[in-house]
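Listed below, chain by chain, are the residues.
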Amino acid sequence: MNLLLDAIAWIVDPANWTGPGSIPLRIWEHLWVAALVLVIASAIALPIGMLIGHTGRGKQFAVMTSGGLRALPTLGALTLFGLWLGIGLPAPVIALVILAIPPLLAGAYAGFESVDRRTIDAARAVGMNEPQVVGKVELPLSLPIVVGGIRSASLQIIATAILAAYIADFGLGRPIFEGLRTRDYGEMLGASILVIILALVVDGAFALAQRLAVPAGVRANRTRELRSRPARPRAILGQPINEGNQQ
Amino acid sequence: MTWLWSNLDLVGELIVVHLALSVPAIILSFVVSVPIGWLAHRYRWSRGVLLSLCGLLYAIPSVALLIALPVVTGQGVRSPLNLVVALTLYGIAVIVRTSADAFDSVERDIRQSATAIGYSEVGRFWGVELPLAGPVLLSGLRVVIVSTVSLATIGAVIGVQSLGSLFTDGFQRGIQAEVITGVVATIALALVLDALAVLGGRLLMPWTRSAIAIGRAGAGTPAKQARAA
């Protein structure tokens, strides 16, 4: 328990909250780089995944890439790029982008693939062209799964961005490695706790986003009670009119 | 290549250490996850709780977890035991959902037929549900194998020996061949263990031999595949 007290003491120490390398600054760096990586990786992986899911072509590529890259140890990629590009941000950013691509690709591809073919056929039948099918049908319907992919990618980026401090002076990994060198366990544990909180908060935010990403029409369909009774009294209708969900 | 030839002993030694870290973690997480997955499948109300709790484990960054674990285990930060516990927790996070899905994938008709011909609840689990859930369980196990072997290298940054030591050592001394050797050895080890799991699956579940491609894809909807990834 003493260890935990040391960690809390490090977190609340006012000296760690101001000046260069302060906690707020480290958190800001951590989030900023994570966001940068997410944007780059999304720009690469999402369109490819959507294209594969939309056309159904290159499915093997998506499965292989998202499965195969998992075996690549991030630390190995990170140190290798570190040797090639030197100390600084480019190496960790590239390594993290590679790490983030599989979940993004898998999410986009699986999301688009999960849209019922009959729905897409129906969209074409009512006269939608391809961009409309993608933008108005496939994208909204697949959004929860696509956001799920983004969620797991951001989680991995935030978790692994600690390692970036191994070859660049930035983020919440910095105090962890500093504590490791100086054998200051309180500092290590304190910074670790902050990263864990950060990861949980971001994950929670994305979980919420995932819930909100369900299109309104689909959500309405899930509540069974909706319109289970005719809106008008039967006596006036004479014959039940087939309304909405009524069978 | 010259670096590899002159350091074959070291690489061999690290492969053994790496196996000693990752194999127990893989087995433990599988053994722990199957009952949890079955509970989540059997008792609907527990599903949300169990699956989100295990999902939460996954949200904890690995380096942070490695440093925080000694508070619980009482071991030193550099103790290999911490790494095994951490890897097991991640393994559980990855596979619990798949194992719940695995038991869900057994059709209700089959379950009812088993009861009808006289299986007890326990006998039905061992004789019917577990074997039929096998292919999906195997697909989850394969994900755990690959990610655990890859993740075990992380320990190197806080001083736990593994193939990851080749990364940190190679980086500090500027030996590119050493880092590349580490990457290749880690991937190779993951693929070998994965192949062994597939082989084991074929031997234990001969009926899946023709349908192995289906089991591989997670035997399910694209959404399940996405979760596995």
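The rules behind each value
- Residues numbered from 1 in each chain as written.
- Chains lettered and ligands numbered in written order.
- Predicted model: local features only at pLDDT ≥ 70, side-chain atom pairs only at ≥ 80, totals over all residues.
- Heavy atoms only, no water.
- Salt bridge = Lys/Arg side-chain N within 4 Å of Asp/Glu carboxyl O.
- Helix = DSSP H or I, 4+ residues; strand = E, 2+ residues; numbered from the N terminus.
- Buried < 20%, exposed > 50% of the residue type's maximum accessible area, 1.4 Å probe, protein only.
- Contact = heavy atoms within 4.5 Å.
- UniProt positions renumbered as here; feature names shortened; annotations may be inferred.
- Core = buried A, V, L, I, M, F, W, Y, C linked by side-chain atoms within 4.5 Å.

When you look at the pattern of salt bridges in this model, what are you seeing that I'm missing?
Two side chains that carry opposite charge are able to pair once their charged atoms sit near each other. Residues and elements named next belong to chain B. Overall, the coordinates contain 14 salt bridges over all chains when judged by the stated rule. One salt bridge connects R47 with D104, and the closest N-O pair in it is separated by 2.9 Å. Here the residue R47 occupies a position in helix α3 (residues 44–58), and D104 occupies one in helix α5 (residues 80–104), the gap between them amounting to 57 residues. On the basis of relative accessibility, which here comes to 16%, the residue R47 falls in the buried class. With a closest N to O distance of 2.7 Å, D194 and R142 form a salt bridge. In this pair, D194 is assigned in helix α9 (residues 176–204) and R142 in helix α7 (residues 121–151), connecting sequence segments 52 residues apart.

Is there a simple way to think about the environment of L189 of chain A in this case?
Its location among the elements puts L189 of chain A in helix α9 (residues 185–212). Classification of L189 of chain A by relative accessible area gives buried; the value is 1%. A C-alpha to C-alpha distance of 43 Å links L189 of chain A and L51 of chain A, two positions 138 residues apart in sequence. When near neighbours in sequence (up to four residues on either side) are disregarded, L189 of chain A contacts L3, L4 and A7 of chain A together with I67, A68 and V71 of chain B.

Hey, could you run me through the UniProt feature "domain: ABC transmembrane type-1" (unreviewed entry) in chain B in this one?
According to UniProt, the "domain: ABC transmembrane type-1" (unreviewed entry) feature falls on residues 15–197 of chain B. Helix makes up 83% of residues 15–197 of chain B and strand 0%, whereas the separation of the span's terminal C-alpha atoms amounts to 18 Å.

What should I look at first to understand the nonpolar core in this one?
In a soluble, globular protein the nonpolar side chains are often hidden away together inside. Formed by 83 residues in total, the largest nonpolar core has its most connected members in L104 and L163 of chain A together with V63, I67, V157 and I158 of chain B. Discounting residues that sit within four places of it in the chain, V157 of chain B has contacts with L75, L163, Y166, F177 and L180 of chain A together with V63 and T168 of chain B.

Looking at this structure, how should I read the UniProt feature "transmembrane region" (unreviewed entry) in chain A?
Residue and element names in this part refer to chain A. In this numbering, the UniProt entry assigns the feature "transmembrane region" (unreviewed entry) to residues 31–55, 67–87, 93–112, 145–168 and 188–209. The straight-line gap between the two end C-alpha atoms of residues 67–87 is 30 Å; of that span, 67% is helix and 0% is strand. Between the C-alpha atoms that bound residues 93–112 the distance is 28 Å, and the span itself is 100% helix and 0% strand.

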